[in-house]
Amino acid sequence: MSDFMNYLILGVTRGSMYALIALGYTLVYGVLQLINFAHSEVFMSGAFGSFLVVHAVVGDGSSTSGVEAVLVLGLGLVSGALTGAVIAYVLERVAYRPLRKRGAPKLAFLISAIGASFLLSQLFGKLFNRLGNNRFPSYFNADRTLFHVFGARVTLLQVIIVVAALLLMLFLDRLVSGTKLGRGIRATAEDAPTAALMGVDIDRTISRTFIIGGALAGAAGFLFGTAFVFSNTMGFIPGIKAFAAAVLGGIGNIRGAMIGGLLLGIAENLIPTAPWTGTAWIGIQWTDVVAFVILILILVFRPTGILGERLGRAA
Amino acid sequence: MNRRVSLPPAVTRLMACLGGSVVLAMMVGRQQGSQQDYGLAFRESVLDVRIIGFLLLGVLAFLVITYREVVTPYVRRPGVRPLVVAVLVLVAAFFLMKWYDPLGDGKFGTLADAVAQTSGILPLAHVFFGWLWWVALIGLPVGTFVAIAIRNRRLAWIMAGLSVVLAVLTLVVHARSVAFAGGVDHSFGATTAFIGFLILAGAGVVAARSQEETAKTRAFVEQVMAYRPGLPLIVLGILLGLLALVLATWLAPRGDNLTLVDTSSLFSGSGLDGLATAVLGWLAYVLFAVVAVLGAAAVWLRSRALGWATAAAAALSILAVLYTLYAITDLAADQGYGTGTGPWQNLGTGGWVLCIALFTVGAGGAVAALQFQGRRGPEGSSDGVAGRLHDAGRSTTIRSLALFGIGLALFYPPTASGFWQQSLSTTIGVYVLLAIGLNVVIGWAGLLDLGFIAFYAIGSYTTAYLTNSLPVKPPSWLALSPLWAIPIAIAVCLLAGVLLGAPTLRLRGDYLAIVTLGFGEIIRIIAVNNPGNFTNGPRGVSDPVPHPVIDLGFVRFEWGGTSLQYWYLLLVLLAIVIVLFYRLEGSRLGRAWAAIREDEVAAQASGVNTTRVKLMAFAIGASTSGLAGVFFGSQVGFFNPQNFVLNNSILIVAYVVFGGMGSLIGAIAGAAALTWLPDFLRDQVPAEDRTMWIGAVLLIMMIFRPQGLIPARRREAELTGLAGHDIAARPSVQAIPASEGV
């Protein structure tokens, strides 16, 4: 049982980060009907941006008190979100808007996004470094056990990640369903030309959508970097997984992305290790295969994802 | 919405330009910092004096964009475009290219310093590297520009003449300096500068000769091509041929460079057989002259029969030249002259260039013959004489370029360096084949496949299994040579394509993308995880995959001596695939693909079995990929799962879209260009930065030319409308791209 809970907790932690990234994919898909392939680099830039700020504030982190640590955590989250937002905004202006203006075929967006992704990832590698083991300074004891659930320990960091992710998702949900900007986003997703006729500034709405998605991904980058290591190529795998999560939940659907992310995180941690059987079942090296097989099966039997495509247009 | 704080557009634009120049500064700046100091590279590339130069560049771009209305009439003047191209080429030659490999970073400045300190070198070299280059680099473009701006024909002629002189001087001085210094040199710098000066001269000539107010570059090219179809090819071929006959090296057995005349005297009385002696002595000149005269006559008289005669004569001549090359190298190796151990060694470029020249002239004849068959009326609008002329010019241009490309593909690789031969046959050729296959899936059927590399992996591993190279051995009756593995690998990939496609093809675009992506990853992870010890895991195949063999009893040929042999095998495979696919595009199936790509519902309503047609696209694409897998596996011998990562799948998609979706030539060109680029950049930018520059190229290409290098006609029509009007003039309300079949 404690093994099961251990993997479940791991899955929820990872899944909530996937969900944060997946929201960016799903938002952009909702308004533009295209896959923002460079989103994973927005995530990566969030880690670097927040690292620079955190590093400047706490140094190596040995002399940080508890209250300061909380503040620094908030600061890291905000700076990561800001970096992500800026990068996503520039990305939209440079790689997407010119193509939109000339009515380029959809695949051209994909290719320009791939180009931007290569450029960003390598530029960050060139500017900072290309090592795979950059770490945030340890300014608080991330591994401290907070409490136990059925014998599985839950660390401080895991709680921070899940709580932060949930807060951000709640905030986004309110934003999209309750504010004027949210209404604009939903209207654009529903039918852009008509929304334009109703007085929605399409360009501005799209731009803001990118900014919101970028901020979430940047925050996720900070959380991911704090939990593991960060590098200029860190975006690739989580990006793919988050994209899969977005599709799983029904791309274009915000709540779908949240559920898809959590489900994917839990499933890929629980199934390959099968902790309820006691022995290793097929082994952890099949994690990715399990994730993709689940995805394929769900899509074959429910081709529009778990919750369907509510935000976006059907077909 | 809330308060609007919108800046005036000019300010935004200026900020964008300055931001772009800062990014450029970072891209060419210092290489990475360390974990102690993350900001090192950033500071050294941005907080430095040279940032001013980049910012000025940004301001310049801003000015050009802002005052476009003022600038445009000047830019449209005849000759300005070639002038700009020439300046770019020259600047690239100076900043980016290597001039001399053995020396440090090999850039122009380094070579110039070295020349300045060397005595005994050609005096002209001191002058050239000392100040003449600088004067020319700045003076000639400025002079040409002044000539264009004040419309002074005499000045334009003078500038053109001076440019030609400088072009020749660059080549000569560089060649003499390199010869003086010795050492192996494959640098492109001087050649690039040579081309740059020639383009500059062209700009001068255009400015001097033009009667027009504004330049119509494309119309001009098409007019030239339509004037006497095939003529440009004939002229090019004759120039190349003269070069090959008079100047080029034919044989270089001991580091000495023997021209055709030298080779002829070397082999006089050495027991060389009659035909080869005759070719060396006089027949080469005669054959070339006959072909050239025939070609010129065919083109000028617009005679179909003469055109085909030219092509036939050229083919015969090429055979004669090839035989001669074989005979002389074989004899040289037999008699121990030079270092050769067998035929085809120690050859210079001369024979091959003559072959290219003959092929080009023959191609010119063929183009002329095809053109005057008169049946080809390209689809699309051809209203009036001007329209027909336009279409004729266009199709002739494409045909000429394609034929010249074939000539180069056949006869250029033997003269290339070993590195490029290997790159051609392992990377460029294989990815061209893959791109052709993916073009069926993405370009024709409109299905976004992000896991294409999986079929390539399946093909490679199938080959390895069939040739006894995996830990699991096939039954002995099934162990085959790679050539016999081709049909089986194709069948396996076909099956895999159908198995993946059958349940998933009813998914819509983006879902299909992620499912195929997942499939690609699953295949790769299976190869890594090695279930049942089938794939031998991350180490790759356990024994080398053998080289293919043709054994007909009386004649036996085994590949594997050089990359060249594989290159020609690949050419044969490519030719077969291209011809098949070319036929396929216009077939019932091809039209069905186009129909479901444009509108699936309408296609279904018109009786197209969409699922089956999509499955066919998947299966055909997959089998091409399997073919590539066989070729790749047997050529490299060893491969491992690292060859099949997701990035490669994405890159192939990029090749197809970059080249122009749905266009066969486009896919070939896109894959060739983008696989050539990293190998080319290897010499020019730090190795770690290659991916970054490729990303930048993709991005810029998509921003300025989203339809790709050579777009398919049908696609182009979708984008621009049949009349081919400006696509930028669309209402900005249309924020969403018109949904396309993807």
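Check the entry above for the structure.
## A look at the overall build of chain B
Line of reasoning, step 1. When its secondary structure is counted, chain B shows 28 helices and two strands.
Line of reasoning, step 2. Relative to its full complement of 742 residues, chain B shows a buried share of 48%.
Line of reasoning, step 3. Across chain B, the fraction of contacts at a sequence separation of at least 24, relative to all contacts at a separation of at least 6, is 74%.
Line of reasoning, step 4. Accessible area for chain B stands at about 34100 Å²; split by element, carbon and sulfur atoms hold 67% of it.

## Things to note about the overall build of chain A
Line of reasoning, step 1. When you go through chain A residue by residue, the secondary structure sums to eleven helices and two strands.
Line of reasoning, step 2. Starting at the N terminus and ending at the C terminus, chain A contains elements arranged as α-α-α-α-β-β-α-α-α-α-α-α-α.
Line of reasoning, step 3. Radius of gyration (C-alpha) of chain A: 19 Å, near the 20 Å computed for a compact globule of 315 residues.
Line of reasoning, step 4. Each principal axis of the C-alpha atoms in chain A carries an extent, and together these give about 55 × 50 × 35 Å.
Line of reasoning, step 5. Buried positions account for 63% of the 315 residues belonging to chain A.

## Let's talk about unusual backbone geometry
Residues and elements named next belong to chain B.
Line of reasoning, step 1. Even without being a glycine, Arg151 presents a positive backbone phi close to 55 degrees.
Line of reasoning, step 2. As for its position among the elements, Arg151 is in the loop between helix H7 (123-149) and helix H8 (153-181).
Line of reasoning, step 3. Judged by its relative accessible area of 41%, Arg151 is partly exposed.
Line of reasoning, step 4. Phi at Asn536 is positive, roughly 65 degrees, even though this residue is not glycine.
Line of reasoning, step 5. Summarising the element assignment, Asn536 is placed in the loop between helix H20 (509-529) and strand S1 (549-551).
Line of reasoning, step 6. Looking at Asn536, the relative accessible area reads 10%, which means it is buried.

## As for the nonpolar core
All names here are of chain B.
Line of reasoning, step 1. Judged by nonpolar contacts, the single largest core of 261 residues is most densely connected at Trp133, Phe455 and Trp593.
Line of reasoning, step 2. The element that contributes the greatest number of residues to this core is helix H17 (residues 418-444), accounting for 15 residues.
Line of reasoning, step 3. Each of domain 1 (10-66) and domain 3 (418-720) accounts for three or more of the residues forming this core.
Line of reasoning, step 4. Discounting chain neighbours no more than four positions away, the residues touching Phe455 are Asp449, Cys493, Ala496, Gly497, Leu500, Phe519, Phe618, Ala622, Ser625 and Gly626.

## Some remarks on the packing of aromatic side chains
Line of reasoning, step 1. The full count for this structure, using the stated rule, is 43 aromatic pairs over all chains.
Line of reasoning, step 2. Ring centres of A:Phe43 and A:Phe224 lie 5.4 Å apart, and the angle between their planes is 75 degrees; on these two criteria the pair is classed as edge-to-face. Separated by 181 residues along the polypeptide, A:Phe43 in helix H2 (residues 39-58) and A:Phe224 in helix H8 (residues 202-227) bring together distant segments of the chain. A:Phe224 matches A:Phe43 in its accessibility class, with the two residues each being buried.
Line of reasoning, step 3. Considering the side-chain rings of B:Tyr566 and B:Phe631, the 5.7 Å spacing of their centres and the 80 degrees angle between planes classify their relative orientation as edge-to-face. On the criterion of sequence distance, the pair formed by B:Tyr566 in helix H21 (residues 563-586) and B:Phe631 in helix H24 (residues 610-636) is long-range, its members being 65 residues apart. The same class applies to B:Tyr566 and to B:Phe631, which are both buried.

## As for the pattern of salt bridges
Residue and element names in this part refer to chain A.
Line of reasoning, step 1. Under the defined criterion, the tally for this structure stands at 15 salt bridges over all chains.
Line of reasoning, step 2. A salt bridge links Arg100 to Asp203; the nearest nitrogen and oxygen atoms lie 3.0 Å apart. Separated by 103 residues along the polypeptide, Arg100 in helix H3 (residues 66-101) and Asp203 in helix H8 bring together distant segments of the chain. Of the two residues, Arg100 and Asp203, neither departs from the other in class, the shared state being buried.
Line of reasoning, step 3. Between Arg204 and Asp201 there is a salt bridge; the shortest N-O distance is 3.7 Å.
Line of reasoning, step 4. Given a relative accessible area of 19%, Arg204 falls into the buried group.
Line of reasoning, step 5. Three or more residues are tied together by salt bridges with common partners; here these are Glu92, Arg97, Arg100, Lys101 and Asp203.

## Here's the deal with the side chain of A:Asn269
All names here are of chain A.
Line of reasoning, step 1. By secondary structure assignment, the location of Asn269 is in helix H10 (residues 254-270).
Line of reasoning, step 2. Side-chain polar atoms of Asn269 contact the backbone oxygen of Gly265, separated by 3.0 Å.
Line of reasoning, step 3. Here Asn269 is in contact with Tyr7, Leu10, Gly11 and Arg14, once residues within four sequence places are set aside.

## Here's the deal with H7(B)
Line of reasoning, step 1. Between its terminal C-alpha atoms H7(B) stretches 36 Å, which fits the 39 Å expected from 27 residues at 1.5 Å a residue.
Line of reasoning, step 2. Along H7(B), the largest kink reaches about 50 degrees and is centred on B:Leu132.

## What about the interface of chain B and chain A?
Line of reasoning, step 1. Listed by partner, the interface residues are 73 residues for chain B and 75 residues for chain A.
Line of reasoning, step 2. Of the roughly 6700 Å² buried where chain B meets chain A, counting both sides, 71% is carbon and sulfur surface.
Line of reasoning, step 3. Where chain B touches chain A, the interface holds two salt bridges.
Line of reasoning, step 4. Put simply, B:Asp689 and A:Arg130 hold a salt bridge, and the shortest N to O gap is 3.0 Å.
Line of reasoning, step 5. Counting across the interface, chain B meets chain A through seven residue pairs in polar contact (both at pLDDT 80 or more).
Line of reasoning, step 6. Counting residues per element, the ones that place at least two in the side of chain B that touches chain A are helix H1 (9-27), helix H2 (40-46), helix H19 (482-504), H20, helix H25 (646-659) and helix H27 (690-704) of chain B.
Line of reasoning, step 7. When residues of the side of chain B that touches chain A are assigned to their parent elements, the largest contribution, twelve residues, is made by H20(B).
Line of reasoning, step 8. A breakdown of the residues in the side of chain B that touches chain A according to their chemical character gives 44 nonpolar, 18 polar and eleven charged.

## Some points on the packing of helix H5 (residues 156-178) of chain A against H10(A)
Residue and element names in this part refer to chain A.
Line of reasoning, step 1. In the contact formed by H5 and H10, the axes pass within 10 Å of each other and the chain directions differ by 165 degrees. It follows that H5 is roughly antiparallel to H10 by the angle criterion. Our pair here, H5 against H10, has a crossing hand that is left-handed. Where H5 abuts H10, its residues Met169, Leu172, Asp173 and Val176 lie against Ile254, Arg255 and Met258.
Line of reasoning, step 2. Split by residue class, the contact of H5 with H10 holds five nonpolar, no polar and two charged.

## Re a nonpolar patch on the surface
Residues and elements named next belong to chain B.
Line of reasoning, step 1. A surface patch of nonpolar side chains, amounting to about 470 Å² of accessible area, comprises Val59, Leu63, Tyr67, Val70, Val71 and Val75.
Line of reasoning, step 2. Broken down by element, the residue count for the nonpolar patch peaks at three residues, all from helix H4 (residues 68-76).
Line of reasoning, step 3. Along the chain, Leu63 falls in helix H3 (residues 51-66).
Line of reasoning, step 4. Taking the relative accessible area as the measure of exposure, Leu63 reaches 39% and is therefore partly exposed.

## What about the pairing of strand S2 (residues 152-155) of chain A?
Residues and elements named next belong to chain A.
Line of reasoning, step 1. As defined by bridge partners, strand S1 (residues 145-149) adjoins S2 across four bridges and the pair is classed as antiparallel. Within S2, the position partnered with Thr145 by the bridge is Thr155.
Line of reasoning, step 2. Counted along the chain from S1 to the antiparallel partner S2, the turn is two residues long, and its residue Phe150 has a positive phi close to 50 degrees.

## Considerations on H17(B)
Residue pairs three or four apart in sequence face the same way in an α-helix, which turns once every 3.6 residues.
Residues and elements named next belong to chain B.
Line of reasoning, step 1. Given a rise of 1.5 Å per residue, 27 residues ought to cover 39 Å, and the 36 Å separating the end C-alpha atoms of H17 matches this to within 8%.
Line of reasoning, step 2. By the criterion of burial, H17 is predominantly enclosed, with 23 of the 27 residues buried.
Line of reasoning, step 3. Backbone geometry just after H17 places Gly446 at a positive phi near 70 degrees.

Here is what the cut-offs are and how they apply
Residues numbered from 1 in each chain as written. Chains lettered and ligands numbered in written order. Predicted model: local features only at pLDDT ≥ 70, side-chain atom pairs only at ≥ 80, totals over all residues. Heavy atoms only, no water. Helix = DSSP H or I, 4+ residues; strand = E, 2+ residues; numbered from the N terminus. Buried < 20%, exposed > 50% of the residue type's maximum accessible area, 1.4 Å probe, protein only. Contact = heavy atoms within 4.5 Å. Areas by Shrake-Rupley, 256 points an atom, 1.4 Å probe, with all protein chains shown as cover. Rg over C-alpha atoms; globule rule 2.2 N^0.38 Å. Core = buried A, V, L, I, M, F, W, Y, C linked by side-chain atoms within 4.5 Å. Domains from an automatic or database assignment. Phe/Tyr/Trp six-rings, centres within 6.5 Å; stacked < 30°, edge-to-face > 60°. Salt bridge = Lys/Arg side-chain N within 4 Å of Asp/Glu carboxyl O. Polar contact = N/O pair within 3.5 Å; in protein donor to acceptor, adjacent residues only side chain to side chain. Expected span 1.5 Å × (residues − 1). Bend = angle between axes of the 7 residues up to and from the residue. Buried area = accessible area lost by both parts, 1.4 Å probe. Nonpolar A, V, L, I, M, F, W, Y, C, P; charged D, E, K, R; others polar. Axes fitted to C-alpha atoms, helices over the stretch in contact; angles between N-to-C directions. Parallel < 35°, antiparallel > 145°, perpendicular 65-115°, else oblique. Left-handed = near helix turned anticlockwise from the far one by under 90°. Patch = residues over 30% accessible without salt bridge, like charges linked within 9 Å, V, L, I, M, F, W, Y side chains within 5 Å. Pairing = 2+ DSSP bridges.

Read these as spatial facts, not as claims about activity.
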